[in-house]
Amino acid sequence: MSCNPSFGGIGKGHLMREVDALDGLCGRVCDRSGVHYKVLNRCKGPAVWGLRAQIDRGLYKENMQKEILNTPLLTVREASVEDLILTEPESGHPGKCQVAGVVLGDGSTVHAGSIVLTTGTFLRGMIHIGLEMHPAGRLGDQPAIGLAQTLEKLGFAVGRLKTGTPPRLAKDTIDFSGLEEHGADNPPVPFSFLSEAVWIKPEDQLPCFLTRTTLKAQQIIYDNLHLNNHVRETTRGPRYCPSLESKVLRFPNRQHQVWLEPEGLESNVIYPQGMSMTLPPELQEQVIKSVPGLEKAKMIQPVILPHWLPLLTFKMPPVTSVLLCVIGYGVQYDFLDPRQLTASLESRLVQRLFLAGQINGTTGYEEAAAQGVIAGINACLRVHGKPPFIVSRTEGYIGVLINDLTTLGTSEPYRMFTSRVEFRMSLRPDNADARLTHRGFEEAGCVSQQRYEQAVRMRAALDDGIATLKSLQFSISKWSQLLPEVSISSSRRSPVSAFDILQYQDVSMEVLAKAVPECLDKLAQWRQLAERLKIEAAYEWCVVNQQQEIEEVRRDEALQLPEDIDYFAIDASLSAEVREKLDSSRPQTIGAVSRIPGITPAAIVNLLRFVKTNHQKTEKLKALPQSGKYLPGKMYSEKATSQRQMSAEFSEEETQSTFVKTPF
Amino acid sequence: MVRGSAAAGAGALGPPGPPGPPVPPPVPPVPGGRRDKGGGAEPESSRWARCLSSSAGVGGDTIFALSSAPGRCGVAVIRASGPGSRGALQTLTGTPKLPPPRVLALRRIRDPDTAETLDRGLVVWFPGPRSFTGEDCAELHVHGGPAVVSGVLRALGRLPGLRPADPGEFTLRAFRRGKLDLTAAEGLGDLIRAETEAQRRQALRQMEGELGQLYQRWSDTLTQALAHLEAYIDFSEDDNVEEEVLSRVDGAVRALEREIGAHLRDGRRGELLRGGVRAVIAGPPNVGKSSLLNLLCQRPAAIVSPVAGTTRDVVEVALDIGGYPLVLSDTAGLRETTDLVEREGVARARDRLCQADLVLAVLDASAVPPEPAGLGAALGALQAPPGTPCVLVLNKADLLRGDGGPLRHGCAQRPPLPPTTLLSCKTGEGLDRLLELLARELARLCGDPLCGSPSLTQSRHSRHLGGCAAALARFGRERPRDLALAAEQLRLARRELGRITGHVGAEDVLDIIFRDFCVGK
């Protein structure tokens with residue numbers, strides 16, 4: 001955890017549940033490392049509950065390392081990666097070459113059947129503090145320049161993004177007495193489906209505090225814009241406000257929230273969330289002291305740690321090292337246009353090279369973890385020659401994330417929001433296991449037997465529970481008699497089932513079990529089951545109504561487009577504009593085509609027709625021996641290369657902030 | 001109604017009702033039923049696969065569309081595809097007996113609600129998979145007038161589980177079922193391109209008008225309300241999204257629901273083609289209003305006499321003029337009177353005049369001043385509601401001295417006069433000209449079917465607006481219970497409206513969120 005000391009949140013908590021359902025580590029480790037667990041959006045409906053926790057950095061590192069180092073058959077090496085070992089491409093897959101290993105900083109090599117590259121913000125990272133710029137991935141860490149050059153030489157379209165982090169404060173210099181205290185949940189809700197409870201006693205959890213900036217901070221920022229290269233906003237900046245400077249510039253004359261978050265049980269470090277800034281250090285100090293409660297606060301003194309670049313070979317979840325970064329700074333770094341990836345996160349240019357995390361233009365631990373688990377699974381499946389493991393948009397937030405990235409690309413650090421998800425009513429944090437665990441077990445082999453069995457048990461119990469509730473039917477008047485405290489208003493004559501009654505706001509399984517104990521006592525006693533039944537009942541109507549749409553999306557997603565299709569060359573009635581859009585997005589299914597803005601229904605039909613004729617020809621060709629040889633380098637036409645230019649956002653000083661493709 | 005709702009359990013959504021505790025919707029039928037399948041034998045994976053889709057209706061919804069070129073033509077072909085095609089054909093032909101597969105049969109086609117005959121036409125039944133789309137299909141070959149076509153489309157649209165097809169949807173379905181015959185598909189893309197192009201042009205035309213601006217404004221309001229609600233869901237606890245946002249959203253949604261509801265009840269242009277244009281014959285007593293009615297409907301529907309004030313009540317006939325439905329009302333002559341019955345007749349005439357879509361003002365050609373200013377004054381005396389289109393008929397042309405030159409000249413002097421014609425109900429002179437004028441006005445009122453299919457567009461519009469209003473009503477009910485469910489209703493509402501005004505994507509919502517709120521890490 002190199003940035004904020006927290007995991008989860010709205011939308012992000014959904015991702016964590018899904019990562020956990022696929023047996024990813026971060027949920028379980030957070031359940032053993034948190035110091036303040038809180039479900040956000042508690043009063044807004046279970047579909048948008050956001051599981052979140054403040055995490056003790058030290059504990060997280062310790063627990064994560066324990067997990068990784070105790071993973072059987074896994075060898076861990078720590079080193080910087082300077083280059084990729086490339087060989088001739090294998091036929092039948094797109095790509096001009098394939099990766100066979102990496103070259104480390106000391107010149108030694110590691111060979112691998114597939115590689116997952118998770119460079120974080122290290123790829124040609126540049127740290128900005130005031131007017132100063134330092135090449136670095138994080139404060140104190142060397143950036144990865146050799147690797148960036150290699151990737152660029154290979155012809156990857158590269159863009160620039162920026163992010164930032166706030167200064168860290170010494171807890172014992174903060175006056176919390178006048179600040180708004182926010183306590184944690186009691187009982188805390190665990191992230192993992194495997195955790196019965198979290199490690200910490202509810203009453204031992206640490207509080208967070210809320211304070212707000214004043215106009216004085218605004219004044220300091222205004223007065224010193226000339227000292228602030230990083231944040232001179234241009235029109236192409238990200239739409240949300242990652243730094244205090246951009247908040248003040250975009251929404252002036254307001255108070256802006258600052259959350260004071262503990263970094264650990266024993267730690268004296270406070271993370272002031274909302275105060276990310278890139279002013280020179282002495283001015284940062286002034287801004288801090290202008291905030292109520294922080295009048296005497298001190299920034300922690302810098303500690304420089306040795307550099308370390310995360311390198312992951314397959315089947316290893318993303319790891320981040322713990323770093324004490326202490327003054328606020330901005331970092332600008334390279335990312336690769338994620339539209340160059342397939343849905344399995346394998347690069348189309350370099351076979352067996354998988355990319356995950358910030359290198360694909362995302363922000364946040366959870367987004368990175370979601371990609372990490374998918375890239376890891378697929379890197380492994382690729383080595384075994386098995387079909388890729390793809391999560392559909394209709395199955396999970398992970399699917400939405402990866403589908404958005406690989407078909408639409410991004411022009412700002414991509415963050416998960418629940419509003420991005422079409423089927424939010426079905427893709428809830430409570431049912432991630434029902435959506436993904438069986439697939440992870442059967443198709444990816446990444447789920448433990450224990451987790452699988454637990455999920456199967458839960459699913460069966462849910463099915464039986466719903467059946468029981470649906471079969472338990474009484475007239476409205478009988479229900480009113482049984483549940484006098486609930487106002488049941490219905491003109492329905494026919495009997496109403498207990499499942500229908502469970503939809504009412506004031507009705508829980510407990511209430512029902514009190515009314516009809518002989519049938520429902522057993523269901524109500526299993527707490528998790530009872531909670532999930534209640535949620536199933538509340539959302540049933542919506543989920544059923546969405547089903548048809550989900551089926552439609554699935555059907556469209558089932559219509560696969562060939563990987564190597566050259567949209568500029570194919571003989572189909574498509575306009576130049578449509579061809580360009582298809583080429584830059586490289587959709588893998590007709591469903592993805594239909595989500596690309598500006599693609600007409602006529603274009604979709606013409607594409608379908610082309611694919612169908614083409615498919616029939618290929619089938620015939622495949623029947624003949626010695627045919628269908630793949631010609632390397634054929635699939636990307638020159639036109640595609642010259643026309644692919646996407647403007648990234650940031651800062652005027654980065655004139656290279658467009659995707660550049662150089663010849664291989 | 002929301003797409004597919006009817007298929008998942010007819011009327012599960014119900015009409016917008018008063019806010020209050022939710023009425024648990026009826027449990028949709030579970031096709032097949034999971035428990036009937038003898039559990040253990042089923043592989044785990046398929047059981048899982050269905051866990052999300054439990055109790056969903058199978059087979060999808062049924063689509064219909066005018067398959068022949070829009071506009072007036074000899075025969076129009078209306079096609080339906082999907083599991084509801086069989087029922088649709090049975091309902092519209094009024095008999096459970098289907099014709100033999102793939103054989104043309106002559107049938108009377110009836111409105112399912114009123115049992116009124118819409119047309120006599122040829123129907124074909126294509127049971128799946130031997131059909132164009134591979135699904136059950138039905139075709140209706142009806143007479144090509146816009147009234148017949150819109151009547152049949154309207155009837156289909158009212159059947160549960162049926163909805164108008166999207167552009168290219170038949171082809172897409174055919175493709176999904178592997179039925180896209182490549183020789184047959186030659187040119188299909190072009191056809192759909194033409195279709196969508198025409199729709200785009202039509203949409204543009206409509207969007208330029210007041211109606212378009214109205215829809216666009218609704219769409220903007222709804223998108224903003226949704227974006228603010230989404231901001232409240234995605235950000236409020238970490239960031240500065242205040243509680244007031246919610247009450248603003250509530251207010252905006254309530255206002256929008258009311259406005260769309262009123263619009264649906266009002267529904268001008270669309271209603272015109274459905275129920276016919278309401279035209280009222282108005283004028284002073286004894287100028288030949290009833291004679292005009294009789295002349296137009298070619299039968300003595302109204303009593304005519306030389307006595308002023310013969311017509312006391314409103315006489316109504318339905319006509320087809322130039323392919324457009326017209327409901328023509330003859331009214332009492334407008335004058336001050338002491339006769340109680342006649343006074344009531346005049347009052348009714350005035351009422352009718354106020355509701356008219358089109359006024360046929362009749363004056364006595366032999367008694368009006370021939371110059372335009374005088375004609376205008378005589379017309380003004382009728383006090384027709386301002387803004388209502390009008391055709392001025394100068395009757396009794398046979399009584400004009402000479403050739404009535406000055407008056408004929410006056411007729412041509414427009415504006416400020418409305419379209420004006422001389423007519424003799426007695427000799428029939430000038431009738432062709434009048435019919436021509438009427439057809440032109442009607443075309444303008446109903447939208448020109450030669451430039452697209454307004455009836456189809458209109459039925460789509462009111463369908464989607466209805467769906468939008470229903471979702472907004474459900475928003476009010478869900479709002480106190482579960483914000484995510486409430487937001488879902490706004491998403492549904494916007495999707496319905498988006499089918500008229502164009503798609504609004506998640507990024508557009510995020511744009512508004514980031515524009516209106518200071519949120520972020």
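Residues numbered from 1 in each chain as written. Chains lettered and ligands numbered in written order. Predicted model: local features only at pLDDT ≥ 70, side-chain atom pairs only at ≥ 80, totals over all residues. Heavy atoms only, no water.

## As for the overall build of chain A
The helix and strand tally for chain A stands at 20 helices and 21 strands. Counting the 664 residues in chain A, one finds 63% classified as buried. Put simply, 73% of the contacts in chain A that link residues at least 6 apart link residues at least 24 apart. Of the roughly 25,200 Å² that chain A leaves accessible, carbon and sulfur atoms contribute 54%. (Helix = DSSP H or I, 4+ residues; strand = E, 2+ residues; numbered from the N terminus. Buried < 20%, exposed > 50% of the residue type's maximum accessible area, 1.4 Å probe, protein only. Contact = heavy atoms within 4.5 Å. Areas by Shrake-Rupley, 256 points an atom, 1.4 Å probe, with all protein chains shown as cover.)

## A look at the nonpolar core
Of all hydrophobic cores here, the largest spans 85 residues; its most connected members are Phe 7, Tyr 60, Leu 151, Leu 353, Ile 374 and Ile 398 of chain A. No other element matches the nine residues that helix α8 (residues 365-383) of chain A contributes to this core. Discounting chain neighbours no more than four positions away, the residues touching Leu 151 of chain A are Leu 84, Leu 117, Leu 123, Phe 156, Leu 336, Leu 353 and Ile 359 of chain A. Core analysis: the next-biggest nonpolar cluster, separate from the first, contains 53 residues, Ala 471, Leu 483, Leu 485 and Val 519 of chain B among them. (Core = buried A, V, L, I, M, F, W, Y, C linked by side-chain atoms within 4.5 Å.)

## Quick look at the sheet that holds strand β8 (residues 126-129) of chain A
Residue and element names in this part refer to chain A. Reading across from one edge, β9-β8-β17-β10 is the order of the four strands in this open sheet, with antiparallel pairing throughout. Unpaired on one side and paired on the other, β9 (132-135) and β10 (158-165) mark the two borders of the sheet. Direction aside, neighbouring strands of the sheet carry axes that sit 25 degrees apart on average. Sheet analysis places β8 next to strand β17 (residues 329-336), joined by three bridges and oriented antiparallel. Within β17, the residue paired with Met 126 across the bridge is Gln 332. (Pairing = 2+ DSSP bridges. Axes fitted to C-alpha atoms, helices over the stretch in contact; angles between N-to-C directions.)

## Some remarks on the packing of aromatic side chains
Enumeration over the complete set of coordinates arrives at eight aromatic pairs over all chains. Ring geometry for Phe 474 of chain A and Trp 479 of chain A: centres 5.1 Å apart, planes at 70 degrees, overall edge-to-face. A network of ring pairs unites the aromatic residues Phe 7, Tyr 60 and Tyr 365 of chain A as a single cluster. Above the face of the Phe 193 of chain A ring, Arg 17 of chain A is positioned so that its terminal group lies 4.8 Å from the ring centre. Across the ring face of Tyr 232 of chain B, the terminal group of Lys 44 of chain A is positioned such that the distance to the ring centre comes to 4.1 Å. (Phe/Tyr/Trp six-rings, centres within 6.5 Å; stacked < 30°, edge-to-face > 60°. Lys NZ or Arg CZ within 6 Å of the ring centre and 35° of its normal.)

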